[in-house]
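Inside the fold
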Amino acid sequence: MDATATTDTGAGRSAASITLQNVGKVYPDGTVAVGDFSLDVQAGELAVLIGPSGCGKSTVLRMINRLIEPSKGTILIDGKNIADQDPVELRRHIGYVIQNVGLFPHQTIRTNVGTVPRLLGWDRKRIKTRSDELLDLVGLDPSRHGGRYPHELSGGQRQRVGVARALAADPLVLLMDEPFSAVDPIVRARLQEEFLRLQATVRKTIVLVTHDIDEAVRLGDRIAVLAQGGRLLQFATPAELLSNPASDEVSRFVGSDRGIRRLAVTSVKDAMRPLGDVEDVDRPPKVPANGTLYDALAAMLTADSLNVVVVDGDRPIGTVSRSAIFEVPNEEAARRRDETTTLA
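Read on for an overview of the structure. These figures come from a predicted structure and were not determined experimentally.

A separate point is the layout of surface pockets. Of the pockets and cavities examined, the largest pocket occupies roughly 750 Å³. Taken together, 27 residues line the largest pocket, and the ones lying closest to its centre are Leu196, Asp214, Val217, Arg218 and Ala264. Counting residues per element, the ones that place at least two in the lining of the largest pocket are α8 (185-202), α9 (213-219), α12 (258-263) and α13 (293-303). With eight residues, the single largest contributor to the lining of the largest pocket is α8. Within the lining of the largest pocket, the residues separate by chemical class into 12 nonpolar, five polar and 10 charged. Around the second largest pocket, the lining is made up of 20 residues, and of these Arg91, Arg92, Ile94, Tyr96 and Val116 lie nearest the centre. Breaking the lining of the second largest pocket down by element, the ones donating at least two residues are α2 (87-92), β6 (94-98), α4 (115-119) and α7 (155-167). In terms of residue count, β6 provides more of the lining of the second largest pocket than any other element does, four residues in total. Of the residues assigned to the lining of the second largest pocket, the class counts are 12 nonpolar, five polar and three charged.

Written out as structure tokens, the structure is:
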């Protein structure tokens with residue numbers, strides 16, 4: 001699929017920026033769901049909203065497509081105030097994926113995927129072509145699954161259909177509210193991996209809500225940590241969040257094992273050394289060059305080895321020792337201390 005193709009939602013673009021300026025939501029009974037929230041999400045970025053239950057992250061998400069109307073503040077998509085747009089028309093141009101998918105049980109999978117294009121007045125041939133294209137993109141054979149009904153698919157397959165339906169009209173923005181939490185851990189990990197592959201292809205602007213810090217670290221380009229009342233505590237890349245929490249509150253939320261999580265977002269190449277004295281490169285376990293330090297450590301522990309060989313395809317390109325894995329975070333911490341000292 002050509003993610004940059006001209007569509008009904010924007011000429012020649014696949015993503016749009018999202019800006020929230022002092023947005024708040026107070027309900028008639030006085031409950032403050034979101035007090036004063038500001039955030040800038042860049043076009044093509046996957047931003048994750050995370051925080052404890054009741055912190056307002058889903059409320060923030062739903063204010064972006066006006067399923068919940070803000071009590072105050074301004075929300076801009078591609079620089080345009082959403083308050084100036086018809087809410088129904090706005091939602092037709094924003095992809096939305098929820099936890100339990102919400103497929104229409106009486107419609108086939110192909111018809112479900114084509115829901116928004118049909119509302120936009122696309123002709124039947126174009127809808128079928130687009131639906132089949134997206135089913136193929138999310139890993140479902142259109143000839144096998146297109147004519148089936150939701151109850152004939154597994155939970156993971158239905159979730160893929162939900163993503164395909166959200167992308168059907170090629171929206172500039174995709175909102176996802178705990179999209180993978182309703183499936184078991186093994187299926188969830190597979191869906192996350194496939195979703196990362198999909199995002200690399202379509203490169204949409206995505207705001208994703210989750211309660212799982214590991215999911216946030218794995219998927220997010222940047223992570224927004226929220227506290228009660230929709231207070232933004234920190235908005236940073238996974239590596240920055242794990243290595244340099246902005247406060248004790250953030251540190252407690254990301255957990256005392258954040259050092260291990262940091263390994264999962266650090267490239268194995270950061271600790272790689274030349275093959276050097278490794279005489280038999282077939283003996284140590286191997287990790288791919290696009291792997292992480294977490295992958296390297298897991299391979300070492302499984303094989304009871306002090307080293308792994310980094311391979312590009314089948315070609316050995318370097319080695320990583322167990323001690324080098326822990327040197328990288330230490331070097332990063334030392335660099336930050338030096339920067340802080342210099343600024344002081």
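In this model, α8 (18 residues) spans 25 Å end to end at C-alpha, consistent with the 26 Å of a helix rising 1.5 Å per residue. Looking only at α8, the buried set comprises Val187, Leu191, Gln192, Phe195, Leu198, Gln199 and Val202. Along the long axis of α8, the arc covered by the buried residues comes to 135°, so they all point the same way. Facing away from the buried side of α8 by over 90 degrees, the exposed positions are Ile186 and Ala200. Buried residues belonging to α8 abut β3 (46-50), α5 (124-137), α7, β7 (173-177), β8 (205-210) and α9.

Calculation criteria
- Residues numbered from 1 in each chain as written.
- Predicted model: local features only at pLDDT ≥ 70, side-chain atom pairs only at ≥ 80, totals over all residues.
- Heavy atoms only, no water.
- 1 Å grid on protein atoms, 1.4 Å probe; cavity = no way out; pocket = protein on both sides within 12 Å on 5 of 7 lines; lining within 4 Å.
- Points joined across faces, edges and corners; volume = space filled by probe spheres on them.
- Helix = DSSP H or I, 4+ residues; strand = E, 2+ residues; numbered from the N terminus.
- Nonpolar A, V, L, I, M, F, W, Y, C, P; charged D, E, K, R; others polar.
- Expected span 1.5 Å × (residues − 1).
- Buried < 20%, exposed > 50% of the residue type's maximum accessible area, 1.4 Å probe, protein only.
- Arc of directions from axis to C-beta.
- Contact = heavy atoms within 4.5 Å.

These results come straight from atomic positions and should not be treated as a statement about function.
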